[in-house]
Amino acid sequence: MGRLAFIAMTQEQFPNSELFDKIVNLSKRRGIVYPSAEIYGGFRSTYDYGPVGVLMLRNVKDAWWRSMVQLRHDVVGLDASILGPPAVWEASGHLSNFSDPLVDCKECGARHREDKLEDPNVCPTCGNTGTFTEARQFNLMFKTQAGPVEDTAAVAYLRPETAQGMFINFANVLYTSRKKPPFGIAQIGKSFRNEITPGNFVFRTREFEQMEMEFFVPPAEASEWYSYWCDKRFNWYVEHGMTEANIRLRPHGDDELSHYSSGTSDVEFLFPWGWDELEGIANRGNFDLTQHMEHSGTKLEFFDQAANERYIPHVIEPAAGATRTMMAFLMDAYHEEQVNDDTRVVLKLHPRLAPFKLAVLPLSKKPELIGPATELYEHLAEHWMCDFDQTQAIGKRYRRQDEIGTPYCVTFDFDSLDDNAVTVRDRDTMEQVRLPIAELQAWLSERLP
Ligand code: ATP
């Protein structure tokens, strides 16, 4: 059988707007990501994760949590509140600094983020030159009010990052977890930024999910841990199936560094529009703890009994976007293959990220097959996220599972009633093996997480 992977991403094929459109269409068609509030005409740049997408997004987050918390005795988890008082954001610097330069086009009225313009003089909406207003700093935080009284005391903000939750709980976690530096606090959750130009599907949205970890270290060990986390985080993407040619670690130049950072590197992915950020790993010094210590008056230090010295730990922060990362994995996994006269779309996702690990497919809708196939499904579903599909021809069902990246299809046919065996089809090779049902679970356990 001749097969040709002709749309899998390679660096030579960029920019690749065709791939972008295919991912957006596949997402809508297969219940991965829908535009939000669509029946009301949509709500710009907000998205809902459908029955398949919610599984994949959860898998991305679980894979991160597994690697960052479960497999490490030196990192603990946290789930902090989304709403916070102005004091937190004053101390963190977000109230005064968390802004982007906004320009308006005097010709067409379009608004753009100045630092993201290809040509700072040309409006990408209408093409006119020299029509921009002076740049104004636009704060990206969503401001709201807590409680029924509209006064300044009731002002609250939706967090624009999850990181501050870790800093303001540093002392709590230190005392309750009995950890000492080097140790980390990790969190996954929603963040909100009133982005000037959201876009590129779920790449930049105003509501998104982050996966962040603050790793607190003795000051002298900071640069060593910074290198460690750069490697560790880069490898996480590769271990989860990302094509190495589509991902790189890019150290920031001196002009890009924030004043407190002594090193930042971005993990970047080759998106259809070019290289762009998936995650930032920063050596933040003791900036954050110092700020919160000064503003709150609470000591955020560590007393090292062995050395009899007190210090403010330095922080290494790997900060990734869950929704953005899911989109990158989708794009990286998308393949079209020529199978005889047909084109097969297949998501070659790492099994840990695949929405369903397997699908049970009764060959016919006849009750004598549906009954035992359902029983098999119920047994396997105890162990893995399984799909069950009894509609249409078996070939079509295989293709549907290929499109959402299901590693194995288990077909229950009429022979299964006599030989107590099923056919298992591999997503990537399309090869099929006949396996006794009694051996199926052990066989799958060797291949699936
Ligand atoms: P950008 O330069 O793209 O605005 P950033 O450098 O401000 O991003 P960080 O503050 O470092 O981003 O946030 C960490 C991660 O959170 C980013 O690498 C990205 O994956 C994710 N992220 C940030 N903003 C958004 C957004 N508006 N939509 C989706 N994901 C986001």
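(A) Fine view of the sheet that holds strand S24 (residues 432-436). The five strands are arranged S21-S20-S22-S23-S24 in an open sheet whose pairing can be described as mixed. If you trace the sheet from one side to the other, it starts and ends with strand S21 (386-388) and S24, each paired once. Each strand of the sheet is rotated relative to its neighbour by a mean of 25°, with strand direction disregarded. The sheet contact formed by strand S23 (residues 421-426) and S24 spans five bridges and is antiparallel. Bridging from a neighbouring strand, Ala421 pairs with Pro436 of S24. The strands that helix H11 (residues 394-403) touches are strand S20 (358-362), S21, strand S22 (408-412), S23 and S24; relative to S20, the one it contacts most, it runs at about 170°. Packing of helix H13 (residues 437-445) onto the sheet brings it into contact with S20, S22, S23 and S24, and relative to S24 it is tilted by some 120°.

(B) Focus on the sheet that holds strand S3 (residues 75-77). Reading across from one edge, S3-S10-S11-S17-S14-S13-S12 is the order of the seven strands in this open sheet, with mixed pairing throughout. Of all the strands in the sheet, the pair left with one neighbour each is S3 and strand S12 (247-251). Taken pair by pair, the neighbouring strands of this sheet meet at an average axis angle of 25°, ignoring direction. Inspection of the sheet shows strand S11 (residues 207-217) paired to strand S17 (residues 314-321) by six bridges, in the antiparallel sense. Each residue of the ladder has a partner; that of Gln210, found in S17, is Gly321. Contacts from helix H9 (residues 322-333) reach S11, strand S13 (263-271), strand S14 (274-283) and S17 within the one sheet, and its direction differs from that of S13 by about 40°.

(C) A look at the pattern of salt bridges. In total, this model carries 32 salt bridges according to the counting rule given. Ionic pairing is found between Glu403 and Arg29, a salt bridge with its closest N-O pair at 3.0 Å. Of this pair, Glu403 sits in helix H11 while Arg29 is found in helix H1 (residues 17-29), placing the two residues 374 residues apart along the sequence. The buried category is assigned to Glu403, whose relative accessible area is 12%. A relative accessible area of 52% means that Arg29 is categorised as exposed. We note a salt bridge from Arg447 to Glu446, for which the minimum N-O separation is 3.6 Å. On the basis of relative accessibility, which here comes to 34%, the residue Arg447 falls in the partly exposed class. Connected via shared salt-bridge partners are Asp100, Arg113, Asp115, Glu195 and Arg204.

(D) Here's a closer look at the domain arrangement of the chain. In terms of domains, the chain is made up of domain 1 (2-85 + 156-330) and domain 2 (356-445). Here the C-alpha centroids of domain 1 and domain 2 sit 36 Å apart. On the side of domain 2, nine residues touch domain 1, which itself brings seven residues to the contact. A buried area of about 690 Å², summed over both sides, lies between domain 1 and domain 2, and 54% of it is on carbon and sulfur atoms. Counting every contact that joins domain 1 to domain 2 gives three residue pairs in polar contact (both at pLDDT 80 or more). Mapped onto the side of domain 1 that touches domain 2, the elements with two or more residues apiece are H1 and helix H2 (53-70). Here the residues of the side of domain 1 that touches domain 2 sort into three nonpolar, one polar and three charged.

Scoring rules and cut-offs
- Residues numbered from 1 in each chain as written.
- Predicted model: local features only at pLDDT ≥ 70, side-chain atom pairs only at ≥ 80, totals over all residues.
- Heavy atoms only, no water.
- Pairing = 2+ DSSP bridges.
- Helix = DSSP H or I, 4+ residues; strand = E, 2+ residues; numbered from the N terminus.
- Axes fitted to C-alpha atoms, helices over the stretch in contact; angles between N-to-C directions.
- Contact = heavy atoms within 4.5 Å.
- Salt bridge = Lys/Arg side-chain N within 4 Å of Asp/Glu carboxyl O.
- Buried < 20%, exposed > 50% of the residue type's maximum accessible area, 1.4 Å probe, protein only.
- Domains from an automatic or database assignment.
- Buried area = accessible area lost by both parts, 1.4 Å probe.
- Polar contact = N/O pair within 3.5 Å; in protein donor to acceptor, adjacent residues only side chain to side chain.
- Nonpolar A, V, L, I, M, F, W, Y, C, P; charged D, E, K, R; others polar.

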